[in-house]
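Listed below are the residues making up each chain.
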Amino acid sequence: MSETLVEVKNLKQYFPVRAGFKTVPLKAVDDVSFEVGRGETLGLVGESGCGKTTVGRTVLRLYEPTAGEVRFDGELVTDKNITAMRKQMQMVFQDPYSSLDPRMTVEDIIGEPLDVHHLCANRKERREKILELMSFVGLNAEHARRYAHEFSGGQRQRIGIARALAVDPKFIVCDEPVSALDVSIQAQVINMFEELQEKLGVAYLFIAHDLLVVHHISRRIAVMYLGKIVEVADSDELNGHPVHPYTESLLSAVPIPDPDVTRARKRILLEGDVPSPLHMPTGCAFRTRCRFATEQCAHECPALTDRGGGHFVACWNK
Ligand SMILES: Nc1ncnc2c1ncn2[C@@H]1O[C@H](COP(=O)(O)OP(=O)(O)OP(=O)(O)O)[C@@H](O)[C@H]1O
Ligand SMILES: [Mg+2]
């Protein structure tokens with residue numbers, strides 16, 4: 001059995017958008033490749049609009065990819081097998097308020113995927129499975145008949161996770177699962193994700209814009225900028241030795257509890273705004289905000305290259 005569970009190769013997602021009289025492609029995801037190992041967590045970070053959600057949705061084929069391929073357990077994911085694949089690959093959404101139907105009971109929400117995939121032989125088995133899932137995510141069994149709207153954000157996210165787990169998936173895309181929650185609740189929910197991984201061996205693509213959150217939960221982290229991955233490395237390596245100027249600036253904005261580290265780490269402010277994906281700079285997309293940009297950066301887009309030990313960087317000058 002290979003160690004790699006999910007393999008994404010040269011994935012592209014171009015949305016057709018209207019610009020005046022023309023339709024032009026908005027390159028939300030542009031040639032993204034990565035792997036997620038069995039039971040591993042790969043963090044995916046980057047500013048708002050850089051394409052994180054689109055990566056997650058395209059990997060799960062909630063959007064038809066413009067180009068590229070996704071393999072799950074070595075098997076190519078296609079239109080034809082995606083229904084069966086959904087049993088293996090699930091998604092937990094950012095906003096537990098809009099992603100759960102408030103008029104459904106907890107039992108109905110968690111039971112739906114069980115019914116869709118015909119996973120229970122009878123009502124008794126279904127009920128037992130639902131209660132087991134509820135206890136997995138720390139929900140009280142007495143709440144099974146309550147409606148989603150009666151719960152707090154943190155509890156709703158637990159319902160969403162129980163629903164994703166119902167089909168016993170091997171891979172879950174977690175799209176900013178804690179960013180809509182109170183800070184005090186965030187740590188609890190993150191801990192739950194970790195405990196579930198230990199118990200069930202499930203792998204995560206964990207999307208967040210908060211580097212502290214992903215650092216805590218991920219073994220490796222991929223950094224995105226305008227539709228492309230610019231750096232991938234082991235989580236501690238990326239935090240300790242960021243190479244790409246964009247990663248450096250993201251990290252320099254993260255508050256660190258240790259004052260010595262904070263002092264040693266200079267705050268690097270990025271100039272200008274993120275360019276619109278409709279008016280992408282030529283060459284390296286980051287060059288318009290980069291302190292190190294040269295002529296070459298304007299002409300050629302750097303590829304992700306291995307700098308040793310699985311630390312990949314896409315930059316001409318670093
Ligand atoms: N269905 C769509 N049609 C057209 N453009 C889209 C669509 N979905 C996303 N986009 C655009 O694609 C780009 C990437 O969006 P995406 O939501 O993937 O970013 P994100 O990194 O998840 O941002 P956030 O941190 O705000 O969630 C943005 O420019 C967005 O406007
Ligand atoms: Mg998003």
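Position labels on residues start from 1 in each chain and follow its written sequence. Chains and ligands are labelled by the order in which they are written, letters from A for the one and numbers from 1 for the other. Thresholds applied to this predicted model are a pLDDT of at least 70 for local features of residues and 80 or more for the giving and counting of side-chain atom pairs; totals over whole chains, interfaces and linings are not thresholded and use all residues.

A. Spatial organisation of the overall build of the chain. Of regular secondary structure, the chain possesses 11 helices and 12 strands. The globule rule used for comparison is 2.2 Å times the number of residues to the exponent 0.38, while the radius of gyration itself is calculated over C-alpha atoms. Whereas a compact globule of 318 residues would reach a radius of gyration of roughly 20 Å, the chain reaches 21 Å, a difference of no more than 12%. With respect to the three principal axes, the spread of C-alpha positions in the chain is 70 × 50 × 45 Å. Each residue is classified by how many other C-beta atoms fall within 10 Å of its C-beta atom, where C-beta atoms are placed from the backbone; a count of 20 or more means buried, 12 or fewer means exposed, and values in between mean partly exposed. Counting the 318 residues in the chain, one finds 39% classified as buried. Considering only contacts within the chain whose residues lie at least 6 apart along the sequence, 65% involve residues at least 24 apart. Helix and strand assignments come from DSSP, with helices taken as H or I runs of at least 4 residues and strands as E runs of at least 2, each series counted from the N terminus. Here the contact rule is simple: place C-beta atoms from the backbone, and any two residues whose C-beta atoms are within 7 Å are in contact.

B. Spatial organisation of the site of ligand 1. For each residue, a C-beta position is placed from the backbone atoms; the residue is near a molecule or strand when that point lies within 6 Å of it. If you check the shell around ligand 1, you find 14 residues, and the closest are F15, A28, S48, T53 and T54. Among the secondary structure elements, those contributing two or more residues to the shell around ligand 1 are strand 1 (4-19), strand 2 (22-37) and helix 1 (52-59). No other element matches helix 1, which puts three residues into the shell around ligand 1. A per-class count over the shell around ligand 1 returns six nonpolar, seven polar and one charged. Any residue that is not Ala, Val, Leu, Ile, Met, Phe, Trp, Tyr, Cys, Pro, Asp, Glu, Lys or Arg is counted as polar, Gly included; the first ten are nonpolar and the last four charged.

C. Spotlight on unusual backbone geometry. Phi is positive for N10, which is not a glycine, with a value near 50°. Mapped onto the elements, N10 comes out in strand 1. At D168, a residue that is not glycine, the phi angle is positive and equals roughly 60°. Topologically, D168 is positioned in the loop between helix 5 (153-165) and strand 7 (171-175). Using a count of 15 C-beta atoms within 10 Å as the deciding quantity, one classes D168 as partly exposed.

D. The environment of E271, seen in detail. Along the polypeptide, E271 turns up in the loop between helix 10 (259-264) and helix 11 (295-299). When the C-alpha atoms of E271 and G39 are compared, they prove to be 39 Å apart, with 232 residues separating the residues in sequence.

E. Quick peek at the pairing of strand 1. Strand pairing is assigned whenever DSSP identifies at least 2 bridges connecting the two strands. As paired strands, strand 1 and strand 2 are joined by 13 bridges and run antiparallel to one another. Pairing of L11 across the sheet is with V32, part of strand 2. Count of turn residues in the strand 1/strand 2 antiparallel hairpin: two residues, of which G20 carries a positive phi of about 65°. Summarising the sheet, strand 1 and strand 4 (residues 67-72) pair through five bridges and their orientation is antiparallel. The residue bridging K12 from the neighbouring strand is A67, located in strand 4.

F. Here's a closer look at the sheet that holds strand 6 (residues 89-92). Strands sit in the order 6-7-8-3-9-10-12-11 across an open sheet of eight strands; the sheet is mixed. Looking at strand neighbours, the two that pair on one side only are strand 6 and strand 11 (305-306), the edges of this open sheet. Sheet topology note: the strand 9 (residues 220-225)/strand 10 (residues 228-234) ladder contains six bridges and is antiparallel. Each bridged residue has a counterpart across the sheet, and for V223 the counterpart in strand 10 is E231. Packed on one face of the sheet, helix 5 meets strand 6 and strand 7 and runs near 175° to strand 6. Axis definition: a line fit to C-alpha positions, over the contact stretch in the case of helices; interaxial angles, taken between N-to-C directions, run 0 to 180 degrees.

G. Structural context of the sheet that holds strand 5 (residues 75-76). Ordered in space as 2-1-4-5, the four strands form an open sheet in which the pairing is antiparallel. Looking at the sheet topology across the chains shown, the edges are occupied by strand 2 and strand 5. By the bridge criterion, two bridges tie strand 4 to strand 5 in an arrangement that is antiparallel. Across the sheet, the residue bridging to F72 is E75, located in strand 5. The sheet strands contacting helix 1 are strand 1, strand 2 and strand 4, and the helix crosses strand 2 at an angle near 70°.

H. Focus on helix 9 (residues 245-252). Taken as a whole, helix 9 has its buried residues at P245, Y246, T247, L250 and L251. The inward-facing, buried residues of helix 9 contact strand 3 (41-45), helix 7 (211-217), strand 9, strand 10 and helix 8 (235-240).

I. Region of interest: helix 6 (residues 183-200). Here, expected helix span is obtained from the residue count minus one, scaled by 1.5 Å. Look at helix 6: 26 Å from first C-alpha to last across 18 residues, which is about the 26 Å you get at 1.5 Å a residue. On its buried side, helix 6 packs onto helix 5, strand 7, strand 8 (203-207) and helix 7. With its phi angle positive at about 70°, G201 sits one or two positions after the end of helix 6.

J. Structural context of the pairing of strand 10. Most of strand 10 sits inside the fold, with six of its seven residues counted as buried. The antiparallel pairing of strand 9 with strand 10 creates a hairpin that spans two residues between the two strands, and L226 there sits at a positive phi of about 45°. Looking at chain direction, strand 10 and strand 12 (residues 312-313) are connected through two bridges and run antiparallel. Bridging across to strand 12, V232 finds its partner in F312.

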